[in-house]
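Here are the chains, one letter per residue:
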Amino acid sequence: MSRQNLRTGTESKEDHGAHGNWLSKHTDSGEAPSLKRVEEITGKKLTFYQCDLLDINRVDEIFSKHHIDYVIHFAAIKAVGESMQFPLKYYKNNVIGTINLVEVMKEHNVYQMVFSSSCCVYGDPEHLPITEDHPTGNVTNVYGRTKYLIEEMLKDLTHAEPRWNIISLRYFNPVGAHPSGRIGEDPTKNFSNLMPYIAQVALGNKPHVEVFGGDYNTPDGTGVRDYIHIMDLASGHVAALSRLSQEHFRYKPLNLGLGRGLSVLELLAHWERVTGTRVAHRMAARRYGDVPTLVCDGSRGQRELSWTPRYDIDDMCE
Ligand code: WQD
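Everything numeric here is computed off the predicted structure, so don't read it as measured data.

1. Here's the deal with the overall build of the protein chain
Phase 1: Looking only at helices and strands, one finds ten helices and 14 strands in the protein chain.
Phase 2: The 318 residues of the protein chain split such that 47% are buried.
Phase 3: Within the structure as shown, the protein chain displays about 15100 Å² of accessible surface, and the carbon and sulfur contribution to it stands at 52%.

Below, the structure is given as structure tokens:
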């Protein structure tokens, strides 16, 4: 089953004005501990619903219980490799799940949303750094195509119904953990992203990192990405919510990235320098669907959101 996150900034009917946060998550592995840690870190009570966006009646039930002002829509499964093996699972979960969500939102007069999109919508970029005006849709992997289709659907929605006010945040490569170390990326199943893999090798749980491709047209031949700390990503979402409350513009895509590219070998070197642990790695064949370089021009996102990333690559390795 799919993993669904539905986070809302709300004013619950019961609370009469006390802003609350409702998290709705369908999870197939007990993640209650991480939710408990979020409550301890924030000092806020989270109301938690286990829900799958594919269960539209359940989603409607949640919206009927609370007065919801904004939705931050994280609901997606995002393993690029897996998306190529099980395309229908990705179209169903990511696209149909979003259709269900926006239908219920409309039913309950909720038209403000921050959508978790992805730099994958740009495909193999025609120019670098990538601005929001770069063409989208020329995507080789199913995960990225689902994000592209959802963006196009949301744009159509805002043209048909002017009350919608939506920001699509195009994440580049989120990495890192909360400074407390109590919440972070701890993939429980097979995972493909570089940073968690490095961590597993450093912990001795994996023998070495395979570097997918050493012959790309990049300075050292390995893939270059724009890594952004997860804490900056989180503050970017808070800034997007506040932006929605300030102005009605219907639809706005914004890049969330630092605008600085790091290659695989550079990231490995940073990790070893910051942590003092060596990470065994071997050169391997390119991974299908990878593009050589994905680096954004993050200036519009920073300007529009009055948001400044604060964490650097060393923080991402700690
Ligand atoms: C990064 C680089 C690989 C693993 C991400 C995610 C997601 C999305 C952005 C939001 C590439 C190389 C990787 C490994 C390697 N953001 N690599 N060995 O592919 O950019 O995808 O895109 O949706 O965060 O989908 O991230 O971490 O898998 O790869 O050499 O074991 O590391 O070739 O150059 P990617 P990644």
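2. A short note on the site of the ligand
Phase 1: In the vicinity of the ligand lie 21 residues, with Y143, L194, E210, R225 and D290 positioned nearest.
Phase 2: Here N193 contributes a side-chain N or O atom positioned 3.0 Å from an oxygen atom of the ligand.
Phase 3: Taking F212, its main chain carries an N or O atom lying 2.8 Å from an oxygen atom of the ligand.
Phase 4: At the level of secondary structure, the elements contributing two or more residues to the shell around the ligand comprise β7 (173–175) and β8 (209–212).
Phase 5: Examining the composition of the shell around the ligand, we find that three residues originate from one element, β8, more than from any other.
Phase 6: Grouping the amino acids of the shell around the ligand by side-chain chemistry returns twelve nonpolar, five polar and four charged.

3. Focus on the pattern of salt bridges
Oppositely charged side chains may form a pair once their charged atoms are brought near each other.
Phase 1: Within the structure shown, the criterion is met by 16 salt bridges.
Phase 2: The residue D133 makes a salt bridge to R300 at a minimum N-O spacing of 2.8 Å. Of this pair, D133 sits in the loop between β5 (112–118) and α5 (142–160) while R300 sits in helix α9 (residues 299–305), placing them 167 residues apart in sequence.
Phase 3: Note on D133: relative accessible area 57%, which makes it exposed.
Phase 4: Because the salt bridges share partners, they merge into one network encompassing R243, E247, K252 and E304.

4. Points about the environment of V201
Phase 1: Secondary-structure assignment places V201 in helix α6 (residues 194–202).
Phase 2: Distance from V201 to V80, taken between C-alpha atoms, is 21 Å for residues 121 residues apart in sequence.
Phase 3: Apart from the residues within four sequence positions on either side, V201 is in contact with K206, P207, H208, V209, V279 and A280.

5. Concerning the nonpolar core
Phase 1: With 24 residues, the main nonpolar core has V59, F63, V71, L101, M105, M113 and L154 as its most contacted residues.
Phase 2: The set of elements that each furnish at least two residues to this core consists of α2 (56–65), β4 (67–73), α4 (87–107), β5 and α5.
Phase 3: Residue contributions to this core peak at five residues, all from α4.
Phase 4: Discounting residues that sit within four places of it in the chain, L154 has contacts with V102, M113, F115, I166, S168 and Y251.

6. Some thoughts on the side chain of S116
Phase 1: Secondary-structure assignment places S116 in strand β5.
Phase 2: Residue S116 is classed as buried on the basis of its relative accessible area of 7%.
Phase 3: A polar contact is formed between the side chain of S116 and the side chain of Y171, at a distance of 3.2 Å.
Phase 4: In this view, S116 contacts H73, F74, K147, L169 and Y171; residues no more than four positions away in its chain are not counted.

7. Notes on the sheet that holds strand β14 (residues 293–294)
Phase 1: Strand order in this open sheet of three strands is β12-β9-β14, and the pairing throughout is mixed. In the strand order of this sheet, the two ends are held by β12 (262–263) and β14, each with one partner.
Phase 2: Where strand β9 (residues 224–225) and β12 come together, two bridges link them in antiparallel fashion. Within β12, the residue paired with R225 across the bridge is L262.

8. Describing α2
Phase 1: Those residues of α2 lying buried are V59, I62 and F63. For α2, the angular spread of buried residues about the axis comes to 95 degrees, placing them on one side.

9. Remarks on unusual backbone geometry
Phase 1: Cis geometry marks the peptide bond from L128 to P129; its omega dihedral reads -5 degrees.
Phase 2: Summarising the element assignment, P129 is placed in the loop between β5 and α5.
Phase 3: Backbone geometry at N109 places phi at a positive 55 degrees, although glycine is not the residue there.
Phase 4: With respect to the helices, strands and loops of the structure, N109 is situated in the loop between α4 and β5.
Phase 5: Judged by its relative accessible area of 53%, N109 is exposed.
Phase 6: Despite not being glycine, S306 shows a phi value in the positive range, around 45 degrees.

10. Let's talk about the packing of α2 against α4
Phase 1: Closest axis-to-axis distance for the α2/α4 pair is 10 Å, and the angle between their directions is 35 degrees. The way α2 lies across α4 gives a crossing that is right-handed. Of α4, the residues touching α2 (which contributes I56, V59, D60 and F63) are N100, L101, E103, V104 and M105.
Phase 2: Class assignment of the residues belonging to the contact of α2 with α4 gives a composition of six nonpolar, one polar and two charged.

11. Considerations on α4
Phase 1: With 21 residues, α4 ought to run about 30 Å at 1.5 Å a step, and its terminal C-alpha atoms sit 29 Å apart, in line with that.
Phase 2: Backbone geometry just after α4 places N109 at a positive phi near 55 degrees.

Calculation notes
Residues numbered from 1 in each chain as written. Predicted model: local features only at pLDDT ≥ 70, side-chain atom pairs only at ≥ 80, totals over all residues. Heavy atoms only, no water. Helix = DSSP H or I, 4+ residues; strand = E, 2+ residues; numbered from the N terminus. Buried < 20%, exposed > 50% of the residue type's maximum accessible area, 1.4 Å probe, protein only. Areas by Shrake-Rupley, 256 points an atom, 1.4 Å probe, with all protein chains shown as cover. Near = heavy atom within 4 Å. Polar contact = N/O pair within 3.5 Å; in protein donor to acceptor, adjacent residues only side chain to side chain. Nonpolar A, V, L, I, M, F, W, Y, C, P; charged D, E, K, R; others polar. Salt bridge = Lys/Arg side-chain N within 4 Å of Asp/Glu carboxyl O. Contact = heavy atoms within 4.5 Å. Core = buried A, V, L, I, M, F, W, Y, C linked by side-chain atoms within 4.5 Å. Pairing = 2+ DSSP bridges. Arc of directions from axis to C-beta. Axes fitted to C-alpha atoms, helices over the stretch in contact; angles between N-to-C directions. Left-handed = near helix turned anticlockwise from the far one by under 90°. Expected span 1.5 Å × (residues − 1).

Purely geometric stuff here, so don't read any function into it on its own.
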